[in-house]
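# Tertiary structure, described
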Amino acid sequence: GAVVSQHPSRVICKSGTSVKIECRSLDFQATTMFWYRQFPKQSLMLMATSNEGSKATYEQGVEKDKFLINHASLTLSTLTVTSAHPEDSSFYICSARDHRNQETQYFGPGTRLLVL
Amino acid sequence: DAKTTQPTSMDCAEGRAANLPCNHSTISGNEYVYWYRQIHSQGPQYIIHGLKNNETNEMASLIITEDRKSSTLILPHATLRDTAVYYCIVSPYNTDKLIFGTGTRLQVFP
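Quick look at the structure, then. Numbering of residues starts from 1 in every chain and runs along the sequence as written. For this description, chains carry letters from A and ligands carry numbers from 1, given in the order in which they are written. Where local features are concerned, this predicted model is filtered to residues with pLDDT of at least 70; where side-chain atom pairs are given and counted, the filter is 80 or more; whole-chain, interface and lining totals use all residues. The basis for the side-chain values is all heavy atoms of the structure; hydrogens and waters are excluded.

Here the focus is the pairing of strand S8 (residues 76-81) of chain A. Looking down a regular strand, the side chains alternate between one sheet face and the other. All names here are of chain A. Remark: exposure states derive from per-residue accessible area (1.4 Å probe, protein chains only) relative to the maximum for the residue type, with buried under 20%, exposed over 50%, and partly exposed in between. Comment: elements are numbered from the N terminus, with helices defined as DSSP H or I runs of at least four residues and strands as E runs of at least two. Most of S8 sits out of view: six of its six residues are buried. Covered by surrounding structure in S8 are Leu76, Thr78 and Thr80 together with Ser77, Leu79 and Val81, the residues of both alternating faces. By the convention used here, strands pair only if DSSP detects at least 2 bridges between them. Bridge count for strand S3 (residues 19-25) against S8 is six bridges, and the pairing is antiparallel. Pairing of Ile21 across the sheet is with Leu79, part of S8. Across five bridges, the pairing between strand S7 (residues 67-73) and S8 is antiparallel. Counted as the bridge partner of Asn70 is Thr78 from S8.

The next subject is the packing of aromatic side chains. A pair of Phe, Tyr and Trp rings is counted when the ring centres sit within 6.5 Å of each other, with Trp represented by its six-membered ring. The angle between the planes then sorts it: under 30 degrees is stacked, over 60 is edge-to-face, the rest tilted. If you walk through the whole model with that rule in mind, you get 11 aromatic pairs over all chains. Each ring, one from Tyr87 of chain B and one from Phe100 of chain B, has its centre 5.1 Å from the other, and the planes form 85°; the classification is edge-to-face. With Tyr87 of chain B in strand S8 (residues 84-92) and Phe100 of chain B in the loop between S8 and strand S9 (104-109), the pair connects residues that are 13 residues apart, well separated along the chain. Look at Phe100 of chain B and you get buried, because its relative accessible area is 8%. An aromatic cluster is defined as three or more aromatic residues linked by ring pairs; in this entry it consists of Phe28, Tyr36, Tyr106 and Phe107 of chain A together with Tyr36, Tyr46, Tyr87 and Phe100 of chain B. The ring of Phe67 of chain A has Lys66 of chain A sitting right over it, with the charged end atom 6.0 Å from the ring centre. The cationic tip of Arg112 of chain A hangs over the ring face of Phe91 of chain A; the distance from NZ or CZ to the ring centre is 4.4 Å. A positively charged side chain is recorded as over a ring if its NZ (Lys) or CZ (Arg) lies within 6 Å of the ring centre. The angle to the ring normal must also be within 35 degrees.

This part takes up the sheet that holds S8 of chain A. Residues and elements named next belong to chain A. In spatial order, the strands read S1-S3-S8-S7; together these four strands make up an open sheet with antiparallel pairing. Only two strands of the sheet have a single partner each, and these edge strands are strand S1 (4-7) and S7. Averaged over all pairs of adjacent strands, the angle between strand axes in this sheet comes to 15°, irrespective of strand direction. Fitting a line to C-alpha atoms yields each axis, with helices limited to the stretch in contact; the angle taken between N-to-C directions then spans 0 to 180 degrees.

Now the structure itself:
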């Protein structure tokens, strides 16, 4: 139980294009999902908190117009990197909190984005 | 949020117990201690968490000192597949945030 998936696992895109990353909770409902970013040899940094049916809450320094988050259902949140640039190349990881067990977050396998 | 201090790296022989320490001297009464690990190029994996009492599950044991200012994650019989970065995080129950520090890089060797 408590499986979180992400799609795609890796993506390469041209500079200026937009990329959508999906995060799904497969066997539980998640009222809250989280998006993290991890650069090489660094720790995870929280980007935003995604709440089902409401606007996402972004961490300081994260541009909400560049990183669009949609949490349309209890099992799906999407992160769209708009007008991607090479500096957006990173490992994007989502997590979800099981609404039945609020104590624990479960993480997806991550999406590696490379912007050329 | 309370901050944690972990050693940068540790080695452990395969089959032996791996004891990973974590200091969280400013932990608040409502904050849990969480442990996650991240194997290279994968998302973090939940290991265990606790508030006051020691906890054990199929993966590990968590020993929390009586004053709650430090804890130790124990992998009883380390295998090569346990090589990863281990993160100790303190966070309130039902919180929106898990703030990751730099973690401990555990290398299990044959």
